[in-house]
Amino acid sequence: MSSTITCTPDPSMRSKTSRADLTLPTALSELIENAMDAEATVINIDFYSRKGAGQLITVEDDGTGMDKDGLRHALTFYASHKDPTALGENGVGLKKGCGYLASLWIIETTKAGHDIVYTVQEEVDLLKDSFDYEVDDKPISKADHFTKIRLYSRLDHKKPAIDSLKDFLGKRYHRIIENGFLIKINGKAVTPKPIQYSDELPIIRKTYDINGHEVPIILGLKSSESYKGNDYGVDFYKKDRVIESNLTSGFGPFKQGPQQMRGFSLEICIDSCSTDENKKSVTKDSEQYRSIEDAISKDPVVKDWIKHLVDLNTGKNKTKEISKQSMDKLLDMAERAAAAMSKDP
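Description of the structure in this document. Remember, predicted model here, so these are calculated numbers, not experimental data.

1. Quick word on the pairing of strand 2 (residues 55–61)
Reasoning step 1: With six of seven residues buried, strand 2 is to be regarded as a mostly interior element.
Reasoning step 2: Two strands pair when backbone bridges link them, and strand 1 (residues 42–49) and strand 2 are joined in this way by seven bridges, in the antiparallel orientation. Considered in strand 2, the bridge of Asp-46 is made with Thr-58.
Reasoning step 3: Counting the residues between successive antiparallel strands, the hairpin from strand 1 to strand 2 contains five residues, one of them, Gly-52, with a positive phi of roughly 85°.
Reasoning step 4: As defined by bridge partners, strand 2 adjoins strand 6 (residues 146–153) across seven bridges and the pair is classed as antiparallel. The residue of strand 6 that forms the bridge with Leu-56 is Tyr-152.

2. Here we look at the packing of aromatic side chains
What describes a pair of aromatic rings is the distance from one ring centre to the other and the angle between the planes of the rings.
Reasoning step 1: The final tally for this structure, using the stated rule, is six aromatic pairs.
Reasoning step 2: Aromatic side chains Tyr-232 and Phe-264 sit 6.2 Å apart centroid to centroid with 65° between the ring planes, which places their arrangement in the edge-to-face category. Placement of the pair is Tyr-232 in the loop between strand 10 (213–221) and strand 11 (233–238) and Phe-264 in strand 13 (residues 264–269), with a sequence separation of 32 residues. Like Tyr-232, the residue Phe-264 is buried in the burial classification.
Reasoning step 3: For the pair Phe-251 and Tyr-289, a centre-to-centre distance of 6.0 Å together with 80° between the ring planes defines the contact as edge-to-face. Note that Phe-251 is positioned in the loop between strand 12 (241–247) and helix 7 (258–261) and Tyr-289 in helix 8 (residues 287–298), a separation of 38 residues in sequence. Taken as a pair, Phe-251 and Tyr-289 share a single burial class, namely buried.
Reasoning step 4: Ring-pair connections join several aromatic residues into one group, and the members of that group are Tyr-232, Phe-254 and Phe-264.
Reasoning step 5: When the ring centre of Tyr-237 is taken as reference, the NZ or CZ atom of Arg-175 above it lies at 3.6 Å.

3. What to know about the side chain of Asp-46
Reasoning step 1: Positionally, Asp-46 belongs in strand 1.
Reasoning step 2: Buried charge Asp-46 goes without a salt bridge, the closest partner of opposite sign being Lys-148 at 7.9 Å.
Reasoning step 3: Looking at Asp-46, its side chain comes within polar contact range of the main-chain nitrogen of Asn-186, at 3.5 Å.
Reasoning step 4: Apart from the residues lying within four places of it in its own chain, the contact partners of Asp-46 are Leu-56, Ile-57, Thr-58, Asn-186 and Gly-187.

4. Looking at the sheet that holds strand 5 (residues 136–139)
Reasoning step 1: The strand order across the open sheet built from eight strands is 5-4-3-6-2-1-7-8, with neighbouring strands paired in mixed fashion. Two strands in the sheet have a free side with no partner beyond their single neighbour: strand 5 and strand 8 (188–189).
Reasoning step 2: In terms of strand pairing, strand 7 (residues 182–185) meets strand 8 through two bridges, oriented antiparallel. Bridging across to strand 8, Ile-185 finds its partner in Lys-188.
Reasoning step 3: Each of strand 1, strand 2, strand 6 and strand 7 is contacted by helix 2 (residues 24–37), which is oriented at about 140° to strand 1, the strand it contacts most.
Reasoning step 4: Here helix 5 (residues 159–172) sits on the sheet in contact with strand 1 and strand 7, set at roughly 175° to strand 7.

5. Focus: the pairing of strand 9 (residues 204–210)
Reasoning step 1: Residues Ile-204, Lys-206, Tyr-208 and Ile-210 of strand 9 are buried on one face, while the alternating residues Arg-205, Thr-207 and Asp-209, pointing to the opposite face, are not.
Reasoning step 2: Pairing of strand 9 with strand 10, which is carried by seven bridges, proceeds in the antiparallel orientation. The partner of Tyr-208 across the bridge, within strand 10, is Val-215.
Reasoning step 3: The antiparallel hairpin formed by strand 9 and strand 10 contains two residues in its connecting segment, where Asn-211 sits at a positive phi of about 55°.

6. Quick look at helix 5
Reasoning step 1: Taking 1.5 Å per residue as the helical rise, helix 5 with its 14 residues ought to reach 20 Å, and the 20 Å between its terminal C-alpha atoms agrees with that figure.
Reasoning step 2: All of the buried residues along helix 5 are Ile-162, Leu-165, Leu-169, Gly-170 and Arg-172.
Reasoning step 3: At its buried positions, helix 5 is contacted by helix 2, strand 1, helix 6 (174–178), strand 7 and strand 12.

7. Quick word on the side chain of Ser-153
Reasoning step 1: Positionally, Ser-153 belongs in strand 6.
Reasoning step 2: Every residue in contact with Ser-153, bar those within four places of it in the chain, is listed here: Arg-50, Gly-54, Gln-55, Ile-57, Leu-101 and Ala-102.

8. A look at the sheet that holds strand 11
Reasoning step 1: Reading across the sheet, the five strands line up as 9-10-13-11-12 and stay open at both edges, with mixed pairing between neighbours. Each edge of the open sheet carries a strand with a single partner, namely strand 9 and strand 12. Between one strand axis and the next, the sheet turns through 20° on average, direction left out of account.
Reasoning step 2: Note: strand 10 against strand 13, five bridges, orientation antiparallel. Across the sheet, Leu-219 pairs through a bridge with Leu-266, a residue of strand 13.
Reasoning step 3: Against the sheet, helix 8 contacts strand 9, strand 10, strand 11 and strand 13, and its axis sits at roughly 135° relative to strand 9.

What counts as what
- Residues numbered from 1 in each chain as written.
- Predicted model: local features only at pLDDT ≥ 70, side-chain atom pairs only at ≥ 80, totals over all residues.
- Heavy atoms only, no water.
- Buried < 20%, exposed > 50% of the residue type's maximum accessible area, 1.4 Å probe, protein only.
- Helix = DSSP H or I, 4+ residues; strand = E, 2+ residues; numbered from the N terminus.
- Pairing = 2+ DSSP bridges.
- Phe/Tyr/Trp six-rings, centres within 6.5 Å; stacked < 30°, edge-to-face > 60°.
- Lys NZ or Arg CZ within 6 Å of the ring centre and 35° of its normal.
- Lys, Arg positive; Asp, Glu negative; His and termini not counted.
- Salt bridge = Lys/Arg side-chain N within 4 Å of Asp/Glu carboxyl O.
- Polar contact = N/O pair within 3.5 Å; in protein donor to acceptor, adjacent residues only side chain to side chain.
- Contact = heavy atoms within 4.5 Å.
- Axes fitted to C-alpha atoms, helices over the stretch in contact; angles between N-to-C directions.
- Expected span 1.5 Å × (residues − 1).

Without other data, these values stay purely geometric and don't point to any function.
Here you go:
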């Protein structure tokens, strides 16, 4: 004999989101990615001083917005009806991002083609005995679509924190910003910060076919101006934003000492791999991840490139420059490999 039990999250989850493992940049990233998924072209993030303690943060986008049913889905833990190609895929980003950033948050939204603005709010530290939200609605005089979030923050984020936020977003979303998406902080556009490569070694661009999934990579030597200290390594991209960066050891053929590998950059698109809940790291025990690592490890072009990097970093190449013959060989191998990849099976 069998029976069914219904398991729903405890209402205390509503306040526990404030203790999420996030930071100012990663919490705002959750809201930015929701805007991107809603087909926004611009998102404005503004910080305002408040009398007394804390700060008001507003996050407003011109995306498609939400109707009442969409708002219900957005506020339901682990409920996501987004396309598999969407950035927000776990159904927790809105709640966790708002809960971390604010003691009180208010969402206003209207969906494209509708004439009603819906408003909902949450006092994060106030314990609730249910997951019910009171939603206010009011008509608007003209058709519009947007989502605006007001976050009454516990903290007062100063200029160094906001500058660090700009740097983080410029690196994390540089490909998306370069494709036309606009992130503005206090009225100023965030500058994309792609990796800058040196011409001391060839830049290798390849696409692998791993279990039916395309996995593009870019391998090169960072320019001396683009990294400091240990600011180099493997960068994992998912859906064009950086998930994990500067992994300097533990990946395939790049497990040698830091002196030998200094300055390398390997950009890998891992759309076919899963990430953790906060989208801060790639799940490294999956079959797909291991297959990607194995393919790159066995690639003769990559192996040869690493050999030249080690020679460059350890002084075996006394001139600190790769010979023209070696350069031509590397470039030829890369071009032939890319041509082979592009051929129909």
